[in-house]
Amino acid sequence: DKVETGWLKDSSFYVAPTRRTDWSIFMAQVDGQDEEQYVPEEEIKTIPGWTPSVSLEVQDKVETGEEDEEELYSQRSKLFRFRDGEWKERGLGEAKLLKHNGNGKVRFMLRQEKTGKIVANHYVINLPPYCELRLNQGSEKCWVWSAQDYADEEPDNAQFALKF
């Protein structure tokens, strides 16, 4: 239920739900005041002498870095990374192979579905041991490979598993 608030002319505060319910009739009269004396609360947009430390702007279009690339492949998948002797989940999202229109290089990228954070970002190269796909033991739905990943902005040699 939405609630309407405001100040009455006698400086008493007014609270009432927008839907008429049993208790809204009671709340329509605060201290015996009529609804006609209700003064709607005004939104304060600026405070004299104060400036915000951060200004938020609504952008029409957000650049993702994928604008100059052609999507070769995309599938919803779960990505794992091998760290500290075990497989740890990196995220769930669209696993993409993207080909750059200018230089023709292909990269693998996966963004987390809910946050949009990049959890895997590396070029697909033909240089062993990198990007050699192999089935994970005991599963036909999971593929494993190694790559020099740049998801955390620093190059990191990592072993990945992608479960479809």
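Calculation criteria
- Residues numbered from 1 in each chain as written.
- Predicted model: local features only at pLDDT ≥ 70, side-chain atom pairs only at ≥ 80, totals over all residues.
- Heavy atoms only, no water.
- Pairing = 2+ DSSP bridges.
- Helix = DSSP H or I, 4+ residues; strand = E, 2+ residues; numbered from the N terminus.
- Phe/Tyr/Trp six-rings, centres within 6.5 Å; stacked < 30°, edge-to-face > 60°.
- Buried < 20%, exposed > 50% of the residue type's maximum accessible area, 1.4 Å probe, protein only.
- Lys NZ or Arg CZ within 6 Å of the ring centre and 35° of its normal.
- Salt bridge = Lys/Arg side-chain N within 4 Å of Asp/Glu carboxyl O.

Section: the sheet that holds strand β10 (residues 156–163)
Pairing is antiparallel in the open sheet, where 7 strands are placed in the order β7-β6-β5-β4-β10-β9-β8. Only two strands of the sheet have a single partner each, and these edge strands are β7 (118–123) and β8 (134–135). Two elements, strand β5 (residues 86–100) and strand β6 (residues 106–111), share 5 bridges in a ladder whose sense is antiparallel. For K96, the partnering residue across the bridge sits in β6 and is M109.

Quick word on the packing of aromatic side chains
Applying the stated criterion across every chain yields a total of 3 aromatic pairs. Centre to centre, the rings of F82 and W87 are 5.1 Å apart; their planes meet at 65 degrees, and the pair counts as edge-to-face. Assessed through its relative accessible area of 33%, W87 is described here as partly exposed. Connected via pairs of aromatic rings, a cluster forms that spans F108, W145 and F160. For the cation-ring pair, K105 lies above Y123, with the distance from its terminal atom to the ring centre recorded as 5.2 Å.

Looking at the pairing of strand β9 (residues 142–149)
The element β9 is extensively covered by neighbouring structure, given that 6 of its 8 residues are classed as buried. Note: β8 against β9, 2 bridges, orientation antiparallel. Paired with L135 across the bridge in β9 is W143. Connecting the antiparallel pair β8 and β9 is a turn made up of 6 residues, with G138 showing a positive phi of about 80 degrees. Two strands pair when backbone bridges link them, and β9 and β10 are joined in this way by 8 bridges, in the antiparallel orientation.

A short note on the pattern of salt bridges
Taken as a whole and assessed by the stated rule, the structure comprises 11 salt bridges. As a salt-bridge pair, R83 and D156 come within 2.1 Å of each other at their nearest N and O atoms. Taken together, the residues R83 in strand β4 (residues 69–83) and D156 in strand β10 connect sequence positions 73 residues apart. Exposure remark for R83: the relative accessible area of 28% places this residue in the partly exposed category. By relative accessible area, which is 24% here, D156 ends up partly exposed.

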